[in-house]
Amino acid sequence: MISAEKIPNNVNLSSNKRLQRALEHWQPKYIQWWRDMGPQGFQDYHQVYVRTATSVDPDGWAHFEYVKLPEYRWGIFLADPTPDRRIGFGDFFGQPVWQEVPGEFRNQLRRLIVTQGDTEPASVEQQRLLGQRCPSMYDLRNLFQVNVEEGRHLWAMVYLLHSYFGRDGRDEAEELLERQSGNRDKPRILEAFNEPIDNWLDFFMFTMFTDRDGKSQLMSLSESSLDPLSRTTRFMLTEEAHHMFVGETGIARILERTCQLMKQAGYSGDVRKIGGIDIPTIQKHLNQWFSLSLDLHGSEVSSNAASYFANGLKGRAKEDTFDEHIVKNAYYNMEFFEGGRPVTKDVLMRNALNEVLRDWYVGDCAAGVARWNRILEQHGMSDRLRLPDRKFNRHIGMYSGFHFDPNGVPLTAEQFEKRKHEWLPAPSDTEYLLSIMDKPVYEPGKFANYIAPPRRGINQQPIDFEYVRTEQ
Ligand code: BYC
């Protein structure tokens, strides 16, 4: 069970007074950050029906209550240890996992943990204005559930920094509250986390595609030889699943409504004229967030990835499903783009591990898009959504600096510039989306015109439940 201390935890925090004091010193700074950079306009006068972990076993998630957001019980929860856990991959395969950070891997581990930690508050910052444009009370509650859990994921990384990295870790924890999404002087570390999310189509695509990168990265970190990192990321994955549910069902509900409106408008009619979101606009946002999230997997050929794997710091998603875990003499057949043409070459597998994870990620995304297309099919629509080619709109890795259309056909910079708004959101698309999201829908059971209601409510509550209460 999780203790009821000032900082809820299942790591017996009170037995380590030094650590407890350090975290209690960080806590007010975190709350201040949450007030300044968290959901704007929903700090003091709203009670939100959220779930809070009371233990790390599956039933521990069943606890729902009304909470004022700054009073959410952010805490430190690690999945239960696996007895006699052994290192599952790399040069130290088969040795016992580490309970402390080995000196020689301190910098690499710190970097991985800081990069992971940085994304969490970044996403809260990106989403801070969305509450004022929410399509329903149900969606507003889901947004806040996602936000408080991203806040908790920051706590998870800060716990590791404070516990295992001494002074440096404490400094890094402070800096996690100082960088700001989109800030020119102090931006967040990874690019996708500096992009604005100012409308709900962006939000749902972000939780579908970018949170799914969270899933693939957390899966590979959960294989880590550093046992506390493995245990904390294992528990984070249970929360990540709900975030992707919010994204996938959010877009599914928009598609449902778009289909209804298309029928109303006559199939060749313009759904925008009756306040819907047309499929080309949905596709453009899909293109945007999928390509940004591909970038989050790093370069195709990466000595960083090779070294993380060799040292047992970051494995592959579902490492135990692979036959071979040392991967010293294996090769990956990779496509390169040379002289304007694709050519394939063998690359040492360890250097190709970012691409291996990206392969897994693309497959997981493709399955989600196929589920969306079933909705279009059921409504008798011929339109289909699709993932763009992985070379499209890339800013990290070997395709950055080149231009491709969503089919992977090479273009000159001028051709791309001229046509980019056929494939990526144009200012006029954003303007349109903001125009249909200009007012929040706060009435229980009511939904904005562009989105269908969900099939069921949260925690078996009715759809018209008052998920967010306003104090007078
Ligand atoms: N943007 O060998 P390279 C989540 C840098 S999302 C900017 O290509 P590497 C969440 C890289 O740092 C999951 N810079 O890549 C989702 C390096 O810099 P230096 C977050 C980038 O290191 C939604 C250089 O390029 N978790 O949880 O193999 C809501 C060359 O590096 C980018 C993690 O990312 C980029 N996209 O892999 C909330 C896990 N990509 O050293 C939360 C931890 C690369 O030259 N991070 N660079 O200065 C990692 O495992 C790795 O850092 C990366 C990059 C996979 C991100």
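Residues numbered from 1 in each chain as written. Predicted model: local features only at pLDDT ≥ 70, side-chain atom pairs only at ≥ 80, totals over all residues. Heavy atoms only, no water.

Honestly, the side chain of His243 in this entry has me stumped. Any pointers?
Position of His243 among the secondary structure elements: in helix α6 (residues 227-265). Given a relative accessible area of 0%, His243 falls into the buried group. A distance of 3.2 Å separates a polar atom in the side chain of His243 from a polar atom in the side chain of Glu150. A polar contact of 3.4 Å, which involves the side chain of His243, links it to the side chain of Asp211. Sequence-distant contacts of His243, defined by excluding residues within four places in its chain, comprise Val146, Glu149, Glu150, His153, Thr207 and Asp211. (Helix = DSSP H or I, 4+ residues; strand = E, 2+ residues; numbered from the N terminus. Buried < 20%, exposed > 50% of the residue type's maximum accessible area, 1.4 Å probe, protein only. Polar contact = N/O pair within 3.5 Å; in protein donor to acceptor, adjacent residues only side chain to side chain. Contact = heavy atoms within 4.5 Å.)

Any chance you could explain helix α11 (residues 427-436) here in plain terms?
Think of an α-helix as turning once every 3.6 residues; residues three or four places apart then point the same way. Inspection of α11 places Asp429, Tyr432 and Leu433 among the buried residues, and these make up the whole buried set. Along α11, the residues classed as buried sweep out an arc of 95 degrees about the axis, all on the same side. Away from its buried face, by an angle of more than 90 degrees, α11 presents the exposed residues Pro427 and Glu431. In the core, the buried residues of α11 are packed alongside α5 (200-221) and α7 (279-295). (Arc of directions from axis to C-beta.)

I tried to follow the pattern of salt bridges on my own but got confused; where do I start?
Should the charged atoms of two oppositely charged side chains come close, the side chains can pair. On inspection of all chains with the given rule, the structure shows 39 salt bridges. Residue Arg86 pairs with Asp84 through a salt bridge whose shortest N-O separation is 3.0 Å. The class of Arg86 is partly exposed, set by a relative accessible area of 42%. (Salt bridge = Lys/Arg side-chain N within 4 Å of Asp/Glu carboxyl O.)

I'm lost on unusual backbone geometry in this one. Help?
The phi torsion of most residues other than glycine is negative, and most of the peptide bonds are trans. Although it is not a glycine, Lys318 sits at a positive phi angle of roughly 55 degrees. With respect to the helices, strands and loops of the structure, Lys318 is situated in the loop between α8 (303-310) and β3 (331-338). The backbone phi angle of Asn393 is positive, close to 55 degrees, even though this residue is not glycine. Within the element layout of this structure, Asn393 appears in the loop between α9 (353-378) and β5 (403-404). A residue is classified by how much of its surface remains accessible, and Asn393, at 12% relative accessible area, is buried.

Would you take a moment to explain the site of the ligand for this structure?
Near the ligand, the surroundings consist of 29 residues, among which Arg111, Gln116, Ser299, Ser302 and Lys314 are the closest. Gln116 places a polar side-chain atom, nitrogen or oxygen, 2.6 Å from a nitrogen atom of the ligand. In this structure, Ser299 approaches the ligand through a side-chain N or O atom, which is 2.5 Å from an oxygen atom. When the free accessible area of the ligand is taken as 1,000 Å², the share hidden by the protein chains comes to 82%. (Near = heavy atom within 4 Å. Areas by Shrake-Rupley, 256 points an atom, 1.4 Å probe, with all protein chains shown as cover.)

Remember that the coordinates give geometry; whether it matters functionally is a separate question.
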